[in-house]
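These are the residues of each chain, in order.
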Amino acid sequence: MTENRTEELGKAVNNGHKLINTLKTWISDNLLLVLTLVGVLLGFIIGFCLRILELSDTTVILISYPGELYMRILKLVIMPLIISSLISGCSSVNAKLNGKIALRTFTYFLLTSTFNALLGVILAVIIHPGQQGINSQIIKNVSLKQTNFVLDSVLDMGRNIVADNIFQATFQQVYTDYTWNSPDNVQRVLKYRSGINNLGIVFFCTTFGIILGTIGSKGQIIKDFFSTIFEVIMKMVRGILWITPVGLCSIIAGKIISVPNIQLVVSQLGWLIFTVILGVSIYQFILIQLIYLVIIRKNPFKFYISILQGTLTAFSAASTAAALPINMDILDNVVRIDPKITRFVLPVGCNTNLDGTAMFLAISTIFLAQMSDFPLATGTLITIWFTSAIMSFAVTSVPSSALVILFMVLSSVGIPDHHTPLLFAVDWLLDRFRTTNNMLGDCYTAAIVAKLSHEELQMYNNQIEEDNTTFDDNRIMRNKIFIDNEHNV
């Protein structure tokens, strides 16, 4: 009896040692992820603990300062990363394959954004988050400025895509401003505002890379140049990753301390927060996983865990662009997706694919309509659905930019916007949740497009190998002929 107990105890001890060793191995292999998670949790703990001390503005600035420097470093590498990755990626495959990859990418972007907007409409109608809102007079007469606001915004998006000065696009965007000569006479004026024109840069670099890939050996020096820049930037990114835990801890702590009254905001807008988080959760943990499972036929949650580092960064920084360098490194070196796919899909998706934003626009629009007792007929809901999906492509990948686009969606159906300032009090939180939807959409798109393009990529890689083999054989033959001629002489 004693021997059996001793044997069972020995087995339990051995199993415990195995478990500890397995845990140590996992932590060692995922040390950066663990540190990042610890940094995010510490940010929340420090932020909520220091709120009760009523710190001075100077102290809050000092707490947020490491996070500010971290964001500045990330922003520093984003532009050269986007340019080098797009040009080197598009130039590495032929125009036909580029066309198929682009078509699949943008089709998936459009479908998922449309679906997210539809999900937002359905949840907002069912949950009715604005039912406790303050009644107000319905604004029935929509001004000329409002009715044309969406059209001008769509036209501005086209103008930004086709930039007239690529250097100006690195620091300015074009937009339509209005000059009212009389109540019935409005004059539109094109102006520029500060901000990177990501759409124009993406369009130019993609076109440049595709054409560069068609000129053969003449463009090899340029291809090598941008490929080298990309490798250098990625090495810089791998170094930046190790300061991510400190940066994210600082960002979250500083943001929580600086919010005036979290309890009041949550109590007043709790149903809106709940609706957005529920929609994000349904999409992230159910729908997008089913899409991945059906198309790729692999465990989707394994993929989800592998990009958790980028998800935490996007959540903490409230920016898809901030997570772009991290995601490119993970998908290239951990998940092992073909770089020809990631170098195109991720930079383009970072600036155009905003699934979570489409959902947020739909929910917020209906929320404000419900607060104002604005009638929501079926036609109005359909208009909100499509407008939210389309206008999400015009949102830049920077924090809180969706609130600017929200005014355009409201004007499309004449919903009063005087309750919109309420959203600024809670957008710092909702922005983080919807940004994770945006970021995950880009990563899952890269995996799905890589799967759908597998045969074309394989054929293209085989063709490249055959061409290289033929080139090497020809070079060997030329060297042999040269040696024979020298010998004869």
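These figures come from a predicted structure and were not determined experimentally.

1. Focus: the confidence of the model for the protein
Looking at the protein, the pLDDT average stands at 81 and 84% of residues meet or exceed 70. Considering only residues more than four positions removed or in separate chains, one finds that residues 133-147, a stretch of pLDDT under 50, has 28 contacts.

2. Points about the side chain of N327
Among the secondary structure elements, N327 is positioned in helix α14 (residues 320-333). Since its relative accessible area comes to 3%, N327 is described here as buried. Setting aside its immediate chain neighbours within four residues, N327 contacts G310, L346, M439 and C443.

3. Comments concerning the nonpolar core
F303, I307 and I341 are the most contacted members of the largest nonpolar core, which totals 114 residues. Looking at which element gives the most residues to this core, the answer is helix α20 (residues 427-452), with twelve residues. Dropping the residues within four chain positions of it, I307 is found in contact with I330, L331, M439, L440, C443 and Y444.

4. What about the pattern of salt bridges?
Once their charged atoms are close, side chains differing in charge can pair, the charge on each being opposite to the other. According to the stated counting rule, one finds eight salt bridges in the structure shown. Measuring nitrogen to oxygen at the nearest pair gives 2.9 Å for the salt bridge that ties R104 to E456. Of the two residues, R104 is situated in helix α4 (residues 95-127) and E456 in helix α21 (residues 454-488); the sequence distance between them amounts to 352 residues. On the basis of relative accessible area, R104 is assigned to the partly exposed category, the value being 25%. Residues D329 and R238 are paired through a salt bridge, measuring 2.8 Å at the closest nitrogen-oxygen approach. Note that D329 is positioned in helix α14 and R238 in helix α8 (residues 220-240), a separation of 91 residues in sequence. Judged by its relative accessible area of 11%, D329 is buried.

5. What to know about the packing of helix α9 (residues 244-258) against helix α13 (residues 308-317)
The geometry of α9 relative to α13 is characterised by a closest axis approach of 9 Å and an angle of 30° between their N-to-C directions. With respect to α13, the element α9 is oriented roughly parallel. Pair α9 / α13 crosses with left-handed handedness. Of the residues in α13, those touching α9 at T244, L248, I251 and I252 are Q309, L312, T313 and S316. Each residue belonging to the contact of α9 with α13 can be placed in one class, and the counts come to four nonpolar, four polar and no charged.

6. Regarding a positive patch on the surface
Where like charges cluster on the molecular surface, the positive patch consists of R297, K298, K302 and K451. Its location among the elements puts K451 in helix α20.

7. Regarding the packing of aromatic side chains
Summed over all chains, the structure comprises 13 aromatic pairs. Between F225 and F226, the ring centres sit 5.1 Å apart and the planes meet at 80°, which makes this aromatic pair edge-to-face. For F226, a relative accessible area of 14% corresponds to the buried category. Summarising the aromatic geometry, the rings of Y292 and F303 are spaced 5.1 Å apart at their centres and angled 25° between planes, so their arrangement reads as stacked. Within this pair, whereas Y292 is found in helix α11 (residues 270-296), its partner F303 is found in helix α12 (residues 300-306), the two being separated by eleven residues in sequence. No difference in accessibility class separates Y292 from F303, as the two residues are buried. Aromatic rings pair up to connect F204, F208, F225 and F226 into one cluster.

What counts and what doesn't
Residues numbered from 1 in each chain as written. Predicted model: local features only at pLDDT ≥ 70, side-chain atom pairs only at ≥ 80, totals over all residues. Heavy atoms only, no water. pLDDT = per-residue confidence, 0-100. Contact = heavy atoms within 4.5 Å. Helix = DSSP H or I, 4+ residues; strand = E, 2+ residues; numbered from the N terminus. Buried < 20%, exposed > 50% of the residue type's maximum accessible area, 1.4 Å probe, protein only. Core = buried A, V, L, I, M, F, W, Y, C linked by side-chain atoms within 4.5 Å. Salt bridge = Lys/Arg side-chain N within 4 Å of Asp/Glu carboxyl O. Axes fitted to C-alpha atoms, helices over the stretch in contact; angles between N-to-C directions. Parallel < 35°, antiparallel > 145°, perpendicular 65-115°, else oblique. Left-handed = near helix turned anticlockwise from the far one by under 90°. Nonpolar A, V, L, I, M, F, W, Y, C, P; charged D, E, K, R; others polar. Patch = residues over 30% accessible without salt bridge, like charges linked within 9 Å, V, L, I, M, F, W, Y side chains within 5 Å. Areas by Shrake-Rupley, 256 points an atom, 1.4 Å probe, with all protein chains shown as cover. Lys, Arg positive; Asp, Glu negative; His and termini not counted. Charge placed at Lys NZ, Arg CZ, Asp CG, Glu CD. Phe/Tyr/Trp six-rings, centres within 6.5 Å; stacked < 30°, edge-to-face > 60°.

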